[in-house]
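# Chain and residue survey
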Amino acid sequence: MAFPVTFLFLSLVSLPLLAAAALGCDRSGRSAGPAPAPPSVAPAPAREEAAQAADGGATPAATAGDAAAAAAEAAPLRADAPFVELPVEGFPSAVVSVPIGATARRPVLIASHGNYDRPEWQCQVWRDIVGDGVFVLCPRGVARPDSPSASDVRFTYESNARLEQEIDAGLAALRARFPEHVDPGAVLYTGFSLGAIMGSAIAARRAALFPRLVLVEGGHDKWTPATAKAFADGGGQRVLFVCAQAGCGGAAAAAAARLDKAGVLTRVARSKEAGHRYDGPVAEETRRVLDWLIEGDPRW
């Protein structure tokens, strides 16, 4: 089911309603309906220690398919709107930004949100960053019981094990929905705050599927020497840390040093001091340095 374009437009201009999003990305499902556009200020900082307590391990799922994209031309991809709701077996529906008009297989970017956040907001921001030529798959997670209202439901992820399973199910649903247009190879993983924390653990286990990462405002403590080596040995290639706060910058630099030592290319990008957020100046900085992350991958 497509998200109404009119609704997204109205949301963008309804700034007073967006102020509620500043309550916090770190608070713990189904959506009550289309969400407003991304908040002008992202939710408040995640409490990483609480997230790590819920961040259990998972057994590795099936490996990714052939990394080489098929070259055959397909019929143009059609959709009623740039963002579609994707039913996912065993999980709440995901949100997907689709490359309308694509006639060849296009790569996939996973955008995992923070705590007390929404997948719609992540999809909107990442479509603005990478453009309309790729799939952006945004897993929903579970609803938080302390959401502002029934019409403004916020989400979290229970553990990295469940998020990993939800991503696998979402990728399967996406490939079934657009079989001629989804590239079967490696996936670019991005995560904000809680999504970065849990994504780091997932990528350390699944480097062949997620060899390149964008970790925004989180996910630093997961990179011990052992996990950095596991990521490198499994095929991990590049990690981009994006920070908008001084504390994040220091932790990211330490994590980058451990990854560098393991043989993984890293970069730490700092936006101007902007608080714990992923839109605005943080998104602008991410867009500025993204070419470094995707360098050498002809699919992008």
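Scroll up for the structure.
Residues numbered from 1 in each chain as written. Predicted model: local features only at pLDDT ≥ 70, side-chain atom pairs only at ≥ 80, totals over all residues. Heavy atoms only, no water.

## Considering the overall build of the chain
- Scanning the chain from N- to C-terminus turns up nine helices and ten strands.
- Put simply, the chain has 300 residues, and 55% of those count as buried.
- A total accessible area of about 11800 Å² is found for the chain, and carbon and sulfur atoms account for 57% of it. (Helix = DSSP H or I, 4+ residues; strand = E, 2+ residues; numbered from the N terminus. Buried < 20%, exposed > 50% of the residue type's maximum accessible area, 1.4 Å probe, protein only. Areas by Shrake-Rupley, 256 points an atom, 1.4 Å probe, with all protein chains shown as cover.)

## Examining the sheet that holds strand β1 (residues 83-88)
- Taken together, eight strands build an open sheet; the order of strands is β1-β2-β4-β3-β7-β8-β9-β10 and the sheet is mixed. Two strands in the sheet have a free side with no partner beyond their single neighbour: β1 and β10 (265-270). The mean angle between the axes of side-by-side strands here comes to 20°, regardless of whether they run parallel or antiparallel.
- One ladder, built from five bridges, connects strand β7 (residues 188-192) with strand β8 (residues 212-216); its direction is parallel. Within β8, the residue paired with L188 across the bridge is R212. (Pairing = 2+ DSSP bridges. Axes fitted to C-alpha atoms, helices over the stretch in contact; angles between N-to-C directions.)

## A few points about the state of the cysteines
- According to the stated counting rule, one finds two disulfides in the structure shown.
- Residue C243 pairs covalently with C248 via a disulfide, S to S 2.0 Å. Taking the torsion about the S-S bond as the criterion, the C243 to C248 disulfide, at about -65°, is left-handed.
- With its disulfide-bonded cysteines labelled consecutively along the sequence, the chain is connected as 1-2, 3-4. (Disulfide = S-S within 2.5 Å.)

## Topic: the environment of S271
- Positionally, S271 belongs in the loop between β10 and α9 (281-294).
- Relative accessible area serves as the criterion here: at 9%, S271 is assigned to the buried category.
- With near-sequence residues (within four places) excluded, S271 lies in contact with C243, A244, P281, V282 and E285. (Contact = heavy atoms within 4.5 Å.)

## Here we look at the pairing of strand β9 (residues 238-243)
- Burial analysis of β9 places six of its six residues in the buried class, which makes it a mostly covered element.
- Of the two faces of β9, the one lined by R238, L240 and V242 and the one lined by V239, F241 and C243 are each fully buried.
- Here five bridges tie β8 to β9, and the two strands are oriented parallel to one another. What sits directly across from R212, in β9, is R238.
- Read as a crossover between parallel neighbours, the route from β8 over helix α7 (residues 225-233) to β9 is right-handed.
- Between the parallel pair β9 and β10, the chain is carried across by helix α8 (residues 246-262), and the sense of this crossover is right-handed. (Right-handed = clockwise from strand over helix to strand, strands pointing away.)

## So, the nonpolar core
- Counting 48 residues, the largest nonpolar core has F210 and W223 as its most contacted members.
- Those residues within four positions of F210 in sequence are excluded, and the remaining contacts are I110, I167, V187, Y189, I202, A203 and F231.
- Counting 30 residues, the second largest nonpolar core, distinct from the first, contains L109, L188, A283 and L290. (Core = buried A, V, L, I, M, F, W, Y, C linked by side-chain atoms within 4.5 Å.)

## Topic: helix α4 (residues 119-130)
- In this model α4 runs 16 Å from its N-terminal to its C-terminal C-alpha over twelve residues, within 8% of the 16 Å that 1.5 Å per residue would give.
- Along α4, eleven of the twelve residues are buried, which leaves the element largely enclosed by surrounding structure.
- When α4 is considered as a whole, its buried residues turn out to be P119, E120, W121, Q122, C123, Q124, V125, W126, R127, I129 and V130.
- One or two steps after α4, the chain reaches G131, where phi turns positive at roughly 90°. (Expected span 1.5 Å × (residues − 1).)

## Quick look at the side chain of S97
- Mapped onto the elements, S97 comes out in strand β2 (residues 91-97).
- By relative accessible area, which is 0% here, S97 ends up buried.
- In this structure the side chain of S97 is engaged in a polar contact, spanning 2.6 Å, whose partner is the side chain of R127.
- Once residues within four sequence positions are removed from consideration, S97 is found in contact with P82, F83, C123, R127, V134, F135 and V136. (Polar contact = N/O pair within 3.5 Å; in protein donor to acceptor, adjacent residues only side chain to side chain.)

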